[in-house]
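Chains, contacts and geometry: an overview
Letter by letter, the chains look like this.
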Amino acid sequence: MTVWDDVVGQDRVTAQLAAAARDADALVTAEHAAAGSGPGREAQPEPPAEGGSASQMTHAWLFTGPPGSGRATAARAFAAALQCVSPDRAAETGTPGCGFCDGCHTALVGTHADVEIVRTDLLSIGVKETRDLVRRSSLSPAGGRWQVIVLEDADRLTEGAGNVLLKAVEEPAPRTVWLLCAPSVEDVLPTIRSRCRQLSLTTPPVDAVAEVLVRRDGIEPEAAARAARATQGHIGRARRLATDERARARRAAVLKLPLRVDDIGGCLKAAQELIDAAGEDAKQVAEDVDTKETEELRAALGAASGTGGRLPRGTAGAMKELQDRQKRRSTRTQRDSLDLALVDLTGFYRDVLALQLGASVALANDEVRDSVQRIATTSPPERTLRRIEAVIACREALDRNVAPLLAVEAMTAALRAG
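First, a word on what this report is: a plain description of the structure on this page. All values reported here derive from a predicted model rather than from experimental measurement.

What to know about the overall build of the protein
- From N to C terminus, the protein includes 15 helices and five strands.
- Relative to its length of 418 residues, the protein is compact, with a C-alpha radius of gyration of 24 Å against a globular reference of 22 Å.
- Reported as C-alpha extents along the three principal axes, the dimensions of the protein are approximately 80 × 65 × 40 Å.
- The buried share of the protein, reckoned over its 418 residues, is 45%.
- Intrachain contacts of the protein at a sequence separation of at least 6 include 72% that bridge at least 24 residues.
- Total accessible area computed for the protein in this model is approximately 20500 Å², and 52% of it derives from carbon and sulfur atoms.
- For the protein, the distance from the average position of its 53 positive side-chain charges to the average position of its 58 negative side-chain charges is 4 Å.

A word on a negative patch on the surface
- A surface patch of negative charge is lined by Asp 276, Glu 280, Glu 287 and Asp 288.
- Tracing the backbone through its elements, the reader meets Glu 280 in helix H11 (residues 264-300).

Observations concerning the nonpolar core
- Residues Leu 17, Trp 61, Phe 63, Phe 78 and Leu 179 are the most contacted members of the largest nonpolar core, which totals 35 residues.
- At the level of secondary structure, the elements contributing two or more residues to this core comprise helix H1 (11-35), strand E1 (60-64), helix H2 (71-82), helix H3 (102-109), strand E3 (147-151) and strand E4 (176-182).
- Looking at this core, the element that brings in the most residues is H2, giving eight residues.
- Dropping the residues within four chain positions of it, Trp 61 is found in contact with Gln 16, Leu 17, Ala 20, Gln 56, Phe 78, Val 177, Trp 178, Leu 179, Leu 180, Cys 196, Arg 197 and Leu 199.
- Counting residues in hydrophobic clusters, the runner-up holds 32 residues, among them Leu 338, Ala 341, Ile 375 and Leu 398.

Some details on the environment of Ala 173
- Inspection of the secondary structure puts Ala 173 in the loop between helix H5 (159-170) and E4.
- Judged by relative accessible area, Ala 173 falls into the buried class, the value being 18%.
- The sequence separation of Ala 173 and Ser 140 amounts to 33 residues, and the corresponding C-alpha distance is 8.0 Å.

Remarks on the packing of helix H14 (residues 381-399) against helix H15 (residues 404-417)
- For the pair H14 and H15, interaxial distance at closest approach is 9 Å and the crossing angle is 175°. Taken together, the axis directions place H14 and H15 in an arrangement best described as roughly antiparallel. Side by side, H14 and H15 meet where Arg 383, Arg 387, Ala 390, Val 391, Cys 394, Ala 397 and Leu 398 of the first sit next to Pro 404, Ala 407, Val 408, Met 411, Ala 414, Leu 415, Arg 416 and Ala 417 of the second.
- Split into classes, the residues belonging to the contact of H14 with H15 amount to twelve nonpolar, no polar and three charged.

A short note on the packing of H1 against H2
- Relative orientation of the contacting elements H1 and H2 amounts to 25°, with a least axis distance of 9 Å. By the angle class used here, H1 and H2 are roughly parallel. For the pair H1 and H2, the crossing hand works out as right-handed. Where H1 approaches H2, its residues Leu 17, Ala 20, Ala 21 and Ala 24 are matched on the opposing element by Ala 74, Phe 78, Ala 81 and Leu 82.
- Residue classes in the contact of H1 with H2 are distributed as eight nonpolar, no polar and no charged.

The rules we used
Residues numbered from 1 in each chain as written. Predicted model: local features only at pLDDT ≥ 70, side-chain atom pairs only at ≥ 80, totals over all residues. Heavy atoms only, no water. Helix = DSSP H or I, 4+ residues; strand = E, 2+ residues; numbered from the N terminus. Rg over C-alpha atoms; globule rule 2.2 N^0.38 Å. Buried < 20%, exposed > 50% of the residue type's maximum accessible area, 1.4 Å probe, protein only. Contact = heavy atoms within 4.5 Å. Areas by Shrake-Rupley, 256 points an atom, 1.4 Å probe, with all protein chains shown as cover. Lys, Arg positive; Asp, Glu negative; His and termini not counted. Charge placed at Lys NZ, Arg CZ, Asp CG, Glu CD. Patch = residues over 30% accessible without salt bridge, like charges linked within 9 Å, V, L, I, M, F, W, Y side chains within 5 Å. Salt bridge = Lys/Arg side-chain N within 4 Å of Asp/Glu carboxyl O. Core = buried A, V, L, I, M, F, W, Y, C linked by side-chain atoms within 4.5 Å. Axes fitted to C-alpha atoms, helices over the stretch in contact; angles between N-to-C directions. Parallel < 35°, antiparallel > 145°, perpendicular 65-115°, else oblique. Nonpolar A, V, L, I, M, F, W, Y, C, P; charged D, E, K, R; others polar. Left-handed = near helix turned anticlockwise from the far one by under 90°.

Spelled out as structure tokens, the structure:
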């Protein structure tokens with residue numbers, strides 16, 4: 001199995017990345033041949049040029065695509081291919097990214113010395129974290145190939161952090177490659193995206209997602225197909241839905257909401273339950289992660305059990321910084337969980353609209369077909385469109401930091417009014 005096998009339904013992107021990996025390998029091989037056993041000049045990938053380039057490799061890439069398209073997966077696969085040391089990678093029929101060699105394996109699992117994978121569980125990536133990355137990018141590769149920085153949440157860079165990153169992308173260190181991931185090119189500063197080669201991924205086909213769930217995760221074909229259909233090709237959500245009973249229960253509760261907004265009391269109750277469910281998700285993450293982080297930091301600061309657990313003097317600031325970070329993570333977890341519920345709700349009304357218009361598409365929520373049919377036969381398509389717009393408006397309000405309960409209450413009232 002090669003590193004490209006998990007990049008689902010993106011044949012064009014995979015072909016371009018594989019060609020770049022071959023050219024990158026040729027650059028390193030040529031440098032080593034020229035240098036011999038002593039120091040030599042360093043190879044630098046050529047920047048993108050209008051009308052094509054002699055090399056498919058460049059120093060900065062921007063992976064864009066809708067949620068679930070696998071942009072981070074494609075970036076990690078490319079990082080692994082750049083580190084591939086398989087003896088067959090330079091063969092006439094070979095391509096870097098075998099998936100089995102030490103370079104591929106360590107890059108994919110996140111332990112390669114020259115691959116830094118950056119993802120955040122906070123609301124944004126600040127200047128301090130970005131400066132640390134820029135310093136890392138200036139180092140020479142420890143293994144002699146490429147220094148690769150994978151920034152999975154480039155859209156969460158603050159303006160100041162983006163300006164810090166711009167300098168590194170403008171003047172990259174030799175054999176340093178930046179792989180940025182974002183939902184769209186508009187989520188990245190124009191000055192940064194203009195210096196990157198852009199790859200646009202699309203939502204993979206439902207059948208392809210189901211196939212990879214069966215092959216890679218060992219999920220039963222029927223359950224995999226149901227999860228892939230319910231999430232409309234979102235790989236990460238499909239895997240979670242197929243493997244997590246709590247996720248299936250929460251989704252089932254969300255799909256009952258359209259039948260519970262017949263009066264104002266029902267609207268307010270449904271809104272509160274959505275908020276409470278999102279809060280419960282954040283609490284579960286805190287229970288799984290916060291306690292472990294806190295104990296590890298206390299041990300690192302010297303709060304041994306023999307001292308009654310008291311922290312040494314001068315370490316309270318470090319604990320306060322950790323608590324603030326955990327609070328920000330809790331906020332993001334709650335918002336992400338709430339946004340996921342709103343996506344499921346949008347899918348429900350999409351099915352309603354499909355039935356109303358007689359569209360020949362499969363229902364994403366076939367397990368609640370009776371509910372979908374009931375809404376479809378008791379309201380016109382115009383009301384369904386207004387309801388979809390209400391859900392979208394709620395998501396936009398949450399992005400603007402409107403109080404979650406107020407935003408959801410406004411949405412449920414709008415769903416009732418149609």
